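Spelled out, the chains give:
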Amino acid sequence: MSPRRSAVVLILLALVAAGCGHQSSERPAVARYVKQVNTIEAALAAPLASVTSAGNAFSRQQRSGGYVLSQRPAGKSILVLGPSPEQTLQKALTGIRALRARLAAVGAPPAAGHLLLELIDGEAAMTRELAELVAYLPAYAAALGPLGPATRQLETVLSRRTAYGAAAVSAVFATKAAALRRFQATTHALVVQLHRLRPPPVSRPGYVAEVTALRGMGASAGRLAAMLASGGSANVGPVLAQFDRAAGNGDTLAVQRAEIAATRAYDSRVSALDALSQKVTVERLQLSNTLK
């Protein structure tokens, strides 16, 4: 999340500038509003700063492949380095929501408008989505961890081609069929694990593609296992082609376009907050005019 100047400060500047040097029946109300919002603005700075800090920390973790330890498993002694980015973001979100409730309870002068509340709502929504992303990506990677070893094991078994005699050929087929069934079981377990996750919108296209690929590979592996177990190998070509297509499902042009669209939508939500901050500047001028 890119840092930007708090719109609260702009609101305060607008109110102070409008209230100085002018007589208005709203000035007492404006003064009270400024005092209350100033207190909320000071308290809001900390959770918003922690959102930026947590986002940066998570980015560094993703680049380095490391994680910040935040809890000590029962019976084990480990070094606790600090709260995880997810914990930091959840705490910040709780703080932002509490301050939003305080701000909503403040009796704002009619001329003050509601842009500040809209901006805080937007900040809360982006913080929630970032928290979901921070929780999702490591869990997604962990869930798919067994796929690489399972694929390599299957490739090793399927690459065995030398056998002499009917009994030896049958034994090879049986070994390959067993390996395919194990792979099918692995893909099923991975799909079950992935269904426990809740991908944020920006990650959903890749998530759906991966689940679809796992289901396709598992189904193809099951069909191949049945064919080999029955001793037939002449017609495995089409099933192997289905397996390959399923394995490449996540790399199709349609999936890439969906991922690009999801990323652009995320960027648009961030840009919308920046645009909202600009609207606050316009509101400042309008407020100045109404209090003249």
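Located above this text is the structure these notes cover.
Residues numbered from 1 in each chain as written. Predicted model: local features only at pLDDT ≥ 70, side-chain atom pairs only at ≥ 80, totals over all residues. Heavy atoms only, no water.

## Focus: the environment of Ser203
Part 1 of the reasoning: Relative to the elements of secondary structure, Ser203 occurs in the loop between helix H6 (166–195) and helix H7 (204–229).
Part 2 of the reasoning: Between the C-alpha atoms of Ser203 and Thr263, which are 60 residues apart in sequence, the distance is 8.3 Å.
Part 3 of the reasoning: Ignoring any residue separated from it by four or fewer positions in sequence, one finds Ser203 in contact with Leu133, Tyr136 and Leu137. (Helix = DSSP H or I, 4+ residues; strand = E, 2+ residues; numbered from the N terminus. Contact = heavy atoms within 4.5 Å.)

## Considerations on the environment of Gly107
Part 1 of the reasoning: With respect to the helices and strands, Gly107 occurs in the loop between helix H3 (85–105) and helix H4 (115–143).
Part 2 of the reasoning: Judged by its relative accessible area of 58%, Gly107 falls in the exposed class.
Part 3 of the reasoning: Put simply, Gly107 and Gln36 are 71 residues apart on the chain and 9.5 Å apart in space, counted from C-alpha to C-alpha. (Buried < 20%, exposed > 50% of the residue type's maximum accessible area, 1.4 Å probe, protein only.)

## Thoughts on the packing of aromatic side chains
Part 1 of the reasoning: According to the stated counting rule, one finds two aromatic pairs in the structure shown.
Part 2 of the reasoning: Centroid distance Tyr136 to Tyr207: 6.4 Å. Interplanar angle 65°. Geometry classified as edge-to-face. Of this pair, Tyr136 sits in helix H4 while Tyr207 sits in helix H7, and the two are 71 residues apart along the sequence.
Part 3 of the reasoning: Take Tyr136: its relative accessible area is 4%, and that puts it in the buried class.
Part 4 of the reasoning: Taking relative accessible area as the criterion, Tyr207 reaches 6% and is therefore assigned buried. (Phe/Tyr/Trp six-rings, centres within 6.5 Å; stacked < 30°, edge-to-face > 60°.)

## Some points on helix H5 (residues 147–158)
Part 1 of the reasoning: With twelve residues, H5 should cover 16 Å at 1.5 Å per step; its first-to-last C-alpha distance of 16 Å lies within 8% of that length.
Part 2 of the reasoning: When H5 is considered as a whole, its buried residues turn out to be Leu147, Ala150, Leu154 and Val157. Down the axis of H5, the sector holding all buried residues measures 100°, keeping them to one side. (Expected span 1.5 Å × (residues − 1). Arc of directions from axis to C-beta.)

## Remarks on the nonpolar core
Part 1 of the reasoning: Grouped together as the largest cluster of nonpolar side chains are 26 residues, with contacts concentrated most on Tyr140, Leu180, Phe183, Leu194 and Leu214.
Part 2 of the reasoning: Only H4, H5, H6 and H7 provide two or more residues apiece to this core.
Part 3 of the reasoning: With near-sequence residues (within four places) excluded, Leu180 lies in contact with Leu154, Leu158, Ala221, Leu224, Ala225 and Leu228.
Part 4 of the reasoning: Residues Val37, Leu89, Leu93 and Leu117 belong to the second largest nonpolar core, which totals 21 residues. (Core = buried A, V, L, I, M, F, W, Y, C linked by side-chain atoms within 4.5 Å.)

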